[in-house]
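Listed here are the chains, written in short residue letters.
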Number of protein chains: 2
Amino acid sequence: MSPNPVIPDSAVSRLATYLRVLRDPRVEGRQHVSSAYIGDRAGVSPDQVRKDLSHFGEVGRPGVGYDLEHLIGHLARIMRLDRVQTAVLVGAGNLGSALVQYTGFGQRGFRIAAVFDIDPQRVGTNLGEVVVEHVDRLAQRVEELGATIGIIAVPRWACQTVADAMASSGLRAILNFAPAKIEAPEGVNVRSVDLARELECLAYYLPG
Amino acid sequence: MSPNPVIPDSAVSRLATYLRVLRDPRVEGRQHVSSAYIGDRAGVSPDQVRKDLSHFGEVGRPGVGYDLEHLIGHLARIMRLDRVQTAVLVGAGNLGSALVQYTGFGQRGFRIAAVFDIDPQRVGTNLGEVVVEHVDRLAQRVEELGATIGIIAVPRWACQTVADAMASSGLRAILNFAPAKIEAPEGVNVRSVDLARELECLAYYLPG
DNA sequence: GTTTGTGAATGAGTTCACAGCA
DNA sequence: TGCTGTGAACTCATTCACAAAC
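Owing to the predicted nature of the structure, the values given are computational and were not obtained by experimental measurement.

A. Summary view of the overall build of chain A. Within chain A, the regular secondary structure consists of nine helices and ten strands. Reported as C-alpha extents along the three principal axes, the dimensions of chain A are approximately 60 × 50 × 35 Å. Burial status across chain A gives 55% buried among its 208 residues. As displayed, chain A offers around 9,500 Å² of accessible surface, 49% of which is attributable to carbon and sulfur atoms. When the 22 positive and 23 negative side-chain charges of chain A are each reduced to one mean point, those points stand 5 Å apart.

B. Molecular detail of the protein's contact with DNA strand C. In the vicinity of DNA strand C there are 25 residues, among which Ser35(A), Arg50(A), Gly63(A), Tyr66(A) and Arg14(B) approach most closely. Of everything in DNA strand C that lies within 4 Å of the protein, sugar and phosphate atoms constitute 61%. Within the contact set of DNA strand C, a sugar or linking oxygen lies 3.1 Å away from a backbone nitrogen or oxygen of Gly63(A). Measuring from a sugar or linking oxygen of DNA strand C, one finds a side-chain N or O atom of Gln48(B) at 3.1 Å. Where the surface near DNA strand C is concerned, the elements lending two or more residues are helix H3 (46-54), strand E2 (60-61) and strand E3 (65-67) of chain A together with helix H1 (9-23) and helix H3 (46-54) of chain B. In terms of residue count, the dominant contributor to the surface near DNA strand C is H3(B) (four residues). When its residues are assigned to classes, the surface near DNA strand C shows seven nonpolar, nine polar and nine charged.

C. Expanded view of the domain arrangement of chain A. Parsing chain A into structural domains produces domain 1 (9-78) and domain 2 (85-198). Between domain 1 of chain A and domain 2 of chain A, the C-alpha centre-to-centre distance is 31 Å.

D. Up close: the relation of the copies chain A and chain B. Of the transformation superimposing chain A on chain B, the axial component is 0.0 Å and the angular component is 180 degrees, with the fit at an RMSD of 0.1 Å. Considering both components of the superposition, the chain copies are consistent with a two-fold axis. Residue Ala98(A), judged by its C-alpha, is the member of chain A lying nearest the rotation axis, at 2.9 Å. Here 100% of the interface residues in chain A have copies in chain B that are interface residues too; the copies meet face to matching face.

Definitions and cut-offs
Residues numbered from 1 in each chain as written. Chains lettered and ligands numbered in written order. Predicted model: local features only at pLDDT ≥ 70, side-chain atom pairs only at ≥ 80, totals over all residues. Heavy atoms only, no water. Helix = DSSP H or I, 4+ residues; strand = E, 2+ residues; numbered from the N terminus. Buried < 20%, exposed > 50% of the residue type's maximum accessible area, 1.4 Å probe, protein only. Areas by Shrake-Rupley, 256 points an atom, 1.4 Å probe, with all protein chains shown as cover. Lys, Arg positive; Asp, Glu negative; His and termini not counted. Charge placed at Lys NZ, Arg CZ, Asp CG, Glu CD. Near = heavy atom within 4 Å. Polar contact = N/O pair within 3.5 Å; in protein donor to acceptor, adjacent residues only side chain to side chain. Nonpolar A, V, L, I, M, F, W, Y, C, P; charged D, E, K, R; others polar. Domains from an automatic or database assignment. Least-squares fit on C-alpha atoms with pLDDT ≥ 70 in both. Contact = heavy atoms within 4.5 Å.

Okay, structure coming up:
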């Protein structure tokens, strides 16, 4: 699925965290960082940090640590974050609107270049810097924009339909915010975030 | 931390998913459901479903399956979802506003009963059905409302301060949307959702 | 003395396989 | 025959421990 070495998904997630830590302004000025430093900021053991980083060949110097700039570049390349990734979003409701305007994506190198909805009331309205388009135009716009990632922010009952449309539009990655399982063809990577489930998991540990 | 048996966090997350599947309107009318049915809808193997459910004693009947209503009640009690859980949210920015108005929480038994911010421009404004209050009032309002869960939707630099305030206000669970590690005292459960990281993980698997 | 890279040991979680009940 | 409950086998990930490099 990827020219990168096969590493556990949990490790991929941690690598993204390391990169976030290294790009934090507070680290600026440092020449080197140690696995202990990264681990502390990321909430991970130093051993784990070294193991994760060693999946991609030697990058650190014993007794010194990792060269900051070099490591950032290395990680960014591995994670495909050395370029701006273009995403499109379907579902201009409450959550969709917030996601489009969420500055965190832009800061981390993602651009939501188009937003789609099926509701004529919403089509044509402004959302941040984009105009909501009819979902019929998805495939055409994906191609025009060279988008690679689709974000689903529609109700549960519509999410599979949207996912199918995304897959046949050529998108290779889908981030789904609807609380339902999504089937996608081989080669299309789906990741789901169920916001309510996060609260539910917390509830389990509550006393009483 | 909980009177419930100690089960892996991954299992807790799946239990929440099973409950979502069982409460789906499409299941209504059924008397029994099998582990195979649940597993199919949840994207999990039947073995895994049975293992997860068996952590809490026998609930299914061989040859028949699980009694639908009974299982829903059982899971809801285990997950503390047999009552409305009251949450408060700090950070009335883009993301915070969307979360307050997100209907998915209410549908799943959570009520965001108060919203706080530190910006005088935002304090006093309406957000859905609540009025934004100054974060100084957090502790008092948590007590008045009997809230148990805190949701953090502030910028990274402010999240630890907010978490500290939440912990000392008596909240026992925190859902953090700021992209940073949070330290909390023993007994306070923190869960972090980094929306940009989800996209980053997807980027790793992109071709090219 | 400090810190990396990595094989070995440990541990956690998932899948298997089957006995037992309907 | 269909389906659950569960110990055993297995897989996968993390932690340990130490040699080598600075």
